Amino acid sequence: MKATINQIIFSLATIAWGVVPVYFYATGLVGNYLAPNFHLISLAGGLAMIVLGLFNLLNARRKVGCGHDHDHEHDQSPVAAIFLMILPVALCSGFTKHEYSTKALTWKGLYKQGPARSSLFSRRREPFTRATIEKSTPKSKDGNYLLTITELYWSAGDKEIMKAYDRLPAELEGRLIDEDPKLNPGGNRKRLYRLFMTCCAADAQVLGLALEFDGPLPDLEDKTWVKVSGEVAYEHHDGQDFAYLKVAKVETTTAPPPNSQFQRRP
Amino acid sequence: MFEDVFNVWLPDFSFLFLSILVEGAPFILLGTLISGFIDVYLPASAMDRLLPRNRTSAVLVSGLLGIIFPVCECAVVPVIRRLVKKGLPPACALTYMLAAPIVNPVTALSTASAFKEMPAEMAGSRLLFGYLIAVMVGLILLRIPVSAVLKPKIVSELDRLQASRAKKREHHTHDHEHPHDHEHPHDHEHEHSHEHEHEHEKSNRLIMALRAAMRDFVDVGIYFVIGITIVAVVNTPPPFDNAIPLRDIINRTSDSVWGAPSALMGLAFLLSLCSTSDAFIAASLIDFEPGALLAFLVFGPMMDVKLLFLYSTVLTKKFILYLAVGLFFVIGAISIVAGPLLAPDKPIPRLER
C-alpha cells in the first residue's frame, strides 16, 4: 500500500514537471524562458515526463517482477517529492511574471556598454565599410536599414565599424524603457533593449541602446514593443564609446514570435 | 522591503528557476530513462565484458565512452549510478562521469562554433584537458577504497551484488546441471532467492524499467531542485539596494593570472550551465584570456552547484569536497600554463553570431 502511494506521488511529481514546459510551449511563453534551439527539446521532454508519469500512475497498483512490488528498493521520501518537486514548481509558476523586472534587467547590464566585437562583423578580416552593410542588410519601405540592437551595441568601440554605421538611417525593434537618469541629463532619452540568450533566461544578457528624441518623449508603458527609426550616432563618455539612435519615428508593434524573440533579426 | 520581495524578487527568482528547470529537466529525464532500461535490461555481468580487464586500460577507455554515449552532466549522474550498481568499477564510472560531458561530439562542435577564430585550439584543448583530468581522477580512484568514494548505501548494495555473484559462480561450478539460464535480467538492491528470467513477461519488464526510470528521476530531480534554487538565488538581484552584479565582480579579475581562472571557475560553478552550450557563454566573456576561458570550460561540466547535489546521490560528501578542491587547483594550474601556449599572438576569442 505504501509503495502504491509513493508510486502515485512520484507520478504526480513527474507529471507536474512535464506540464510546465508543455504549457510554456503551447502558450508561446517558451521564448521568454529558453533560446530557440531548446524549444523542441523542452517540449519533447515535457511530453515524455507526462507520458512517464501517466504510465506509472496507471500501473501504480500493478504487481510486477518476482510476484511482489519492487518499489521498496530505495524510494525517495514522498514528502521530499511533494516539497522539493511539486511545491517549488507550483509556487514558481504562480509567482513568475515570465520576464525580468526592471531591477533585474538593470542588474544584467541594461544601462551598461560592453566592449566592441569586431569579429561579429567580418569573418575574413576584410575591411568593414558602408558597402558591407549595404550588401548584407535588408531595408524597410522607408529606406531604413533593418538593423538589430546587437549589431549597434557591439559596434561601439571599434573605430572602423563605427565609421561604417555612423549616420546610417536605421530601423530597430525592441522594448522601450526609461533611460537611467544619470545617462539622461537632458531628459530627452529613452532606452531600447532586447535580451540576448544563449541557453535560457538565466544566462541572458541585456543589450540596451539609448534613443534620443527631438520632441516630447513617447507616452508608452515600460517594456512596450516598438519599432523605431532614425539615424545611428555615437558618443564617448566615461572612457567608452556608446551607440545611440537619433529617433525620427516610433511606433508600437507586437512581440515577435517565440522562436525569434531573442534572435538577431526581428 | 517585503513588498519588494513579493513583487520583484520572487517573480525574478521564479522566472530564473523555471528557465533552468525547463532547460535541464529533459536531459535529466533522458538520463533516468537510460538508467531505468539499464536496470532492467542490462545483465550485471555485461559490465565485466564492456571494458578491458586491465584496470588502468579500463579507466583510459572509460574516459572516451562519451564519444559513443554522449550525455551531458545532468544525464550522466543517474546513468553512472545505475552502472555502478551493475558492477562497473567506481573508478571507471567516475572517469566516464567527469569526461563524458566534455569528451563528446556535441560539446566539441558547440565549442568550435562558439570560438570561430580559434575553433581547433579551444575545442581540442578543452577535450584533451577534460579527458586527461577525468582519467587522472580515475587512476587515483583505483588506489582509494570504494567506501571512501561511494555512499554507504551504494557500497552495501555493491557488496550484496558481489556476494550474490560469487554465490552464483559457486553454485554453477559445484551444483547440479541447469536446464535454463538462471541469470536475473535486472539487478535488485535486495537479496533474491528466486532468479527466474522466464517468469517475467515483456510488459512487466517495461513497467519495471519505467518505474525505475521514474524513481531515479524523482531521486535526481530533488537534488536538481536544491541546486537550481541556489543558482537562481545567486543570479537574482537581492532585494536590497547597492548590490554589485556578479559579472562586474568577475570582470575585475580579468587581468590577474590566478584571479581570472579562479573567478571563471567560480562563475562556472555558480551558473551551472549545460556543457553542450556553455562555450557560447565563455565566448561572450571577452575580457578574459583563452587560458581562463579554458578553466571555465573544463571545470564547469565537472563541478557546479547543481552537480554538487546530483553527485551526492552517489558519492560521499567528503569525496565530493576533495574532488571539488582538487579539480579547482589542477584545472586552474593547467589553464595558467596552457593559456599562453593556446593563443600566443591571437586576439581573444569572440562570440560569432
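The paragraphs below set out a description of the structure included in this document. Keep in mind that what you see is a predicted model, and the values were worked out from it rather than measured.

Here we take up a nonpolar patch on the surface. Residues Val79(A), Ile82(A), Phe83(A), Leu87(A) and Leu91(A) make up a contiguous nonpolar surface patch of about 440 Å² in total accessible area. Residue position: Val79(A) is located in helix α4 (residues 78–95).

Moving on to unusual backbone geometry. Positioned with a positive phi, His98(A) is a non-glycine residue whose angle comes to about 60°. Tracing the backbone shows His98(A) in the loop between α4 and α5 (102–107).

Here we come to the packing of helix α3 (residues 55–62) of chain B against helix α8 (residues 119–141) of chain B. All names here are of chain B. For the pair α3 and α8, interaxial distance at closest approach is 9 Å and the crossing angle is 150°. In this structure, α3 meets α8 at a crossing whose hand is right-handed. On the side of α3, the interface is formed by Thr 56, Val 59 and Leu 60, while α8 contributes Tyr 131, Val 135, Gly 138 and Leu 139. Residues belonging to the contact of α3 with α8 are distributed by class as follows: 5 nonpolar, 2 polar and no charged.

Applying the stated criterion to the full structure yields 0 disulfides over all chains. Of all cysteine sulfurs in the structure, the one in Cys200(A) sits closest to Cys92(A), which takes part in no disulfide; the separation is 14 Å.

The next point concerns the environment of Leu127(B). Residues and elements named next belong to chain B. Mapped onto the elements of the fold, Leu 127 is located in helix α8. Given a relative accessible area of 22%, Leu 127 falls into the partly exposed group. Spatially, the C-alpha atom of Leu 127 lies 9.8 Å from that of Ala 100, the residues being 27 residues apart in sequence. In this view, Leu 127 contacts Ile 102, Val 103 and Ala 108; residues no more than four positions away in its chain are not counted.

What counts, and where the lines are drawn
Residues numbered from 1 in each chain as written. Chains lettered and ligands numbered in written order. Predicted model: local features only at pLDDT ≥ 70, side-chain atom pairs only at ≥ 80, totals over all residues. Heavy atoms only, no water. Patch = residues over 30% accessible without salt bridge, like charges linked within 9 Å, V, L, I, M, F, W, Y side chains within 5 Å. Areas by Shrake-Rupley, 256 points an atom, 1.4 Å probe, with all protein chains shown as cover. Salt bridge = Lys/Arg side-chain N within 4 Å of Asp/Glu carboxyl O. Helix = DSSP H or I, 4+ residues; strand = E, 2+ residues; numbered from the N terminus. Axes fitted to C-alpha atoms, helices over the stretch in contact; angles between N-to-C directions. Left-handed = near helix turned anticlockwise from the far one by under 90°. Contact = heavy atoms within 4.5 Å. Nonpolar A, V, L, I, M, F, W, Y, C, P; charged D, E, K, R; others polar. Disulfide = S-S within 2.5 Å. Buried < 20%, exposed > 50% of the residue type's maximum accessible area, 1.4 Å probe, protein only.

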